Each structure stands twice: as structure tokens, then as C-alpha cells.
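In case you want the letters, here they are:
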Amino acid sequence: PHVARKRQALVRRGHGVHMTHLPDGAAHCVTTTPLDFDRVAVAPDGDITAPSYTERVRELLLCGRPRQHLGMRTVSQLFGISERTLRRHLVAEGTSFATIVSDSLSSVASRYLIEERRSIQETARDLGFADKASFHRAFKRWTGMTPKTFCRRQALAINPSLTPSPSAESHA
């Protein structure tokens, strides 16, 4: 009976992706079934385990538009819990909201630069940075290198026959 209740609660959350409208009028993308049900783990004792809050927050941040910069208050409202409860769950999982946001932005920035071949300026703008310099500092904090060096190294990894000039490495 206990397991059945958990399974039903997870199923009732919905299917696929839907938009949630908050009091401020903004619409936010929320994944339900792929995040909350399809990836549910069933333990040998029959207990059902939902994805961690870390996974749920990351999926939510990656699902929406990066420049929206969903705050902890908005995310906790979308989960139907208080900010304090969300913070407590994340601390128990060994992370913080700020860390998840940074990891998510880093992931999106890398994808924009490499897979979508956006310029550094476009990427900075699309992620909501005030200017290119702010994005440079954040990207270097996330990856340990500038966006230009990152792109160059990714290009070398794909095509090792490209050889960087010594002066080009020192300017990045």
C-alpha cells in the first residue's frame, strides 16, 4: 500500500513538459514525467525513489531560458516548497542553489560556443550577462580558461592537425 501511494503521487504529477504560470505573469517550463517518473528508481524492498532535488533543479534551469535566471524563490514555488526547505534538501545532497546555477550556466555556455557555434558576444548576451567582460570572468571561474581558449582547445580536440600559434595562446 505504501509503495502504491508513492507511485500514484508520481503519476499524478503529469506527463511531459508543461508551462507553469506564476503570480508575476511569467511562464516557466517544468518537466514532469521524464524527470519525476521515468527515471524513478525502485529499490529491492519495493520503495520508489524520485530524482534528487539537485537533478530536479538542474533540469528546471536547463529547460527554461537561461537569461531568465530563475531564482531560488521561483524554483521553490514551482516545486511547491519553501526556499528554506529547498535549501535544506540541497545541503543534504551536498550542494547549493548557487552551485547548480553556475554548473547549468557553464553547461549552456559551452553548448552555445561549441555545438551552436555562437560568438562570445552572442553567448554573453543570450545568457543575460551585462557585457562580454562579465561573461569572460564567469566563464573563466567555471572552466578555468577564457571562452576563446576553451573554443580553441575544443577545436584542437576535434581536429588535432590544427596547431595553435604560441602567441595566440598567450593572448587568450
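Here is what the cut-offs are and how they apply
- Per chain, residues are indexed from 1 in the order of the written sequence.
- Local features are withheld for residues below a pLDDT of 70 in this predicted model, meaning they are given only at 70 or higher, and side-chain atom pairs are given and counted only at 80 or more; totals for whole chains, interfaces and linings count all residues.
- No hydrogens and no water enter the side-chain calculation; it runs on all heavy atoms of the structure.
- The quantity known as pLDDT measures the predictor's confidence residue by residue, on a range of 0 to 100.
- We call two residues in contact whenever any of their non-hydrogen atoms come within 4.5 Å of each other.
- When a carboxyl oxygen of Asp or Glu is within 4 Å of a side-chain nitrogen of Lys or Arg, the pair counts as a salt bridge.
- Here's how the labels work: a residue is buried when its accessible area is under 20% of the maximum for its type, exposed when over 50%, partly exposed in between, all with a 1.4 Å probe on protein chains only.
- To define axes, lines are fitted to C-alpha atoms, for helices over the stretch in contact only, and angles between the resulting N-to-C directions are given on a 0 to 180 degree scale.
- We count a stretch as a helix when DSSP gives it H or I for four or more residues in a row; a strand needs E for two or more, and each element gets its number in order from the N terminus.
- Here roughly perpendicular refers to angles of 65 to 115 degrees, roughly parallel to angles under 35, roughly antiparallel to angles over 145, and oblique to all remaining angles.
- Polar here means any residue other than Ala, Val, Leu, Ile, Met, Phe, Trp, Tyr, Cys and Pro, which are nonpolar, and Asp, Glu, Lys and Arg, which are charged; Gly is therefore polar.

Draft legend 1. Examining the confidence of the model for the chain more closely. Summary statistics for the chain give a mean pLDDT of 74 and a share of 62% for residues scoring 70 or more. A low-confidence stretch, residues 1-39 (pLDDT under 50), is modelled with 71 contacts involving residues beyond four sequence positions or located in other chains.

Draft legend 2. Examining the pattern of salt bridges more closely. Scanning the model with the defined rule gives five salt bridges in all. Asp126 is paired through a salt bridge with Arg118; the nearest N and O atoms lie 2.4 Å apart. With relative accessibility at 17%, the residue Asp126 sits in the buried group. One salt bridge connects Asp126 with Arg125, and the closest N-O pair in it is separated by 3.1 Å.

Draft legend 3. Expanded view of the packing of helix 4 (residues 72-79) against helix 5 (residues 83-92). Contact geometry of helix 4 with helix 5 gives a least axis separation of 8 Å together with a crossing angle of 95°. Taken together, the axis directions place helix 4 and helix 5 in an arrangement best described as roughly perpendicular. Seen from helix 4, the contacting residues are Met72, Arg73, Val75, Ser76 and Phe79; seen from helix 5, they are Glu83, Leu86, Arg87 and Leu90. Classifying every residue of the contact of helix 4 with helix 5 gives five nonpolar, one polar and three charged.

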